[in-house]
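Secondary and tertiary structure notes
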Amino acid sequence: MATKIVLFDVMGTLVSEPFLESIPAFFGMSLEQLLLDKHPHGWVDFEHGKISEAEYLQNFFRDGRTFDHRAFTTMIRESYQLLPGVEVLLDAVKKAGHPMYALSNYPEWWRLIEEKLQLSRWIEWDFVSCKMGLRKPNPEAYRYVLRNLGILVSQCALVDDRSVNLKAAAEVGMQVILREESAARLWHDLAAAGIDLGPPPPDRFRSHRPPPRG
């Protein structure tokens, strides 16, 4: 069996997404209201690495309202959790000898994820958008990975919970796997893509996960 390089999206694929529940709860508002009140492009700039954390937080809201930045970032760090079954799955991919990298739209807060969850036990953090200056689904984000790893597109597969990112990766020529439902389902989908991990251990998986984004 050929060794595949597996590229994992992080938020909503491996790690819980604070934006859906934890951040609205922090401000005591609904997700719908938060979407209306937040700065229209601050997050994208932060993910691109164009602005610092301090600049992002100062302009978090359209109206420039203030809040406790330290308490906010502490809440963000504490909200990160591995999704059910992810640790077992990543252990199996590593044991099978497939190198893993994060290909993630995320700002410098990837360091908070690493501090809390130590994802580097399995994956390398080389391809985070704030480092690359590129975000999925920009085709150049995928080409950046291929150039920097010095590999053929046929040698890698992307796992992501957003169809728009997978569509763009497939157009570049990458093998793509939609992250949906349980980690047990992803185990089978990886096998179908030629990344055979052996029989899944059903007693180690839970059957649910938060719904995918987008």
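That block above? That's the structure.
Residues numbered from 1 in each chain as written. Predicted model: local features only at pLDDT ≥ 70, side-chain atom pairs only at ≥ 80, totals over all residues. Heavy atoms only, no water.

Topic: the overall build of the protein
For the protein, the helix and strand inventory stands at 11 helices and five strands. The globule rule puts the C-alpha radius of gyration for 214 residues at 17 Å, and the 17 Å found for the protein is close to it. Going through the 214 residues of the protein one by one, you find that 47% of them count as buried. Of the contacts made within the protein by residues no fewer than 6 positions apart, 66% connect residues no fewer than 24 positions apart. Averaging the positions of the 25 positive and the 28 negative side-chain charges in the protein gives two centres separated by 2 Å. (Helix = DSSP H or I, 4+ residues; strand = E, 2+ residues; numbered from the N terminus. Rg over C-alpha atoms; globule rule 2.2 N^0.38 Å. Buried < 20%, exposed > 50% of the residue type's maximum accessible area, 1.4 Å probe, protein only. Contact = heavy atoms within 4.5 Å. Lys, Arg positive; Asp, Glu negative; His and termini not counted. Charge placed at Lys NZ, Arg CZ, Asp CG, Glu CD.)

Some words on the packing of helix H5 (residues 69-79) against helix H7 (residues 110-117)
In the contact formed by H5 and H7, the axes pass within 8 Å of each other and the chain directions differ by 55°. With respect to each other, H5 and H7 are oriented oblique. The element H5 and its partner H7 pack so that their crossing is right-handed. Contacts between H5 and H7 pair Thr 73, Ile 76, Arg 77 and Glu 78 from the former with Leu 112, Glu 115 and Lys 116 from the latter. Split into classes, the residues belonging to the contact of H5 with H7 amount to two nonpolar, one polar and four charged. (Axes fitted to C-alpha atoms, helices over the stretch in contact; angles between N-to-C directions. Parallel < 35°, antiparallel > 145°, perpendicular 65-115°, else oblique. Left-handed = near helix turned anticlockwise from the far one by under 90°. Nonpolar A, V, L, I, M, F, W, Y, C, P; charged D, E, K, R; others polar.)

Here we look at unusual backbone geometry
In this model, Lys 136 is joined to Pro 137 through a cis peptide bond whose omega is 10°. Checked against the element boundaries, Pro 137 lands in the loop between helix H8 (129-132) and helix H9 (139-149). Phi is positive for Glu 181, close to 55°, though the residue is something other than glycine. Relative to the helices and strands, Glu 181 resides in the loop between strand S5 (175-178) and helix H11 (183-192).

Description of the pairing of S5
One ladder, built from four bridges, connects strand S4 (residues 156-160) with S5; its direction is parallel. Pairing of Asp 160 across the sheet is with Leu 178, part of S5. Remark: the S4/helix H10 (residues 163-172)/S5 crossover connection has right-handed handedness. (Pairing = 2+ DSSP bridges. Right-handed = clockwise from strand over helix to strand, strands pointing away.)

Let's talk about the sheet that holds strand S2 (residues 100-104)
The strand order S3-S2-S1-S4-S5 describes an open sheet built from five strands, whose pairing is parallel. Edge positions in the open sheet fall to strand S3 (123-128) and S5, since each of these has one partner strand only. Across the sheet, the mean angle separating the axes of adjacent strands is 25° when strand polarity is ignored. In this sheet, S2 lies alongside strand S1 (residues 5-8) in parallel orientation, the contact comprising three bridges. Opposite Leu 7, over in S2, you have Tyr 101 as the bridge partner. Sheet strands in contact with H9 are S1, S2, S3 and S4, and its direction is about 125° off that of S3.

Interpretation in functional terms is not warranted from these geometric data alone.
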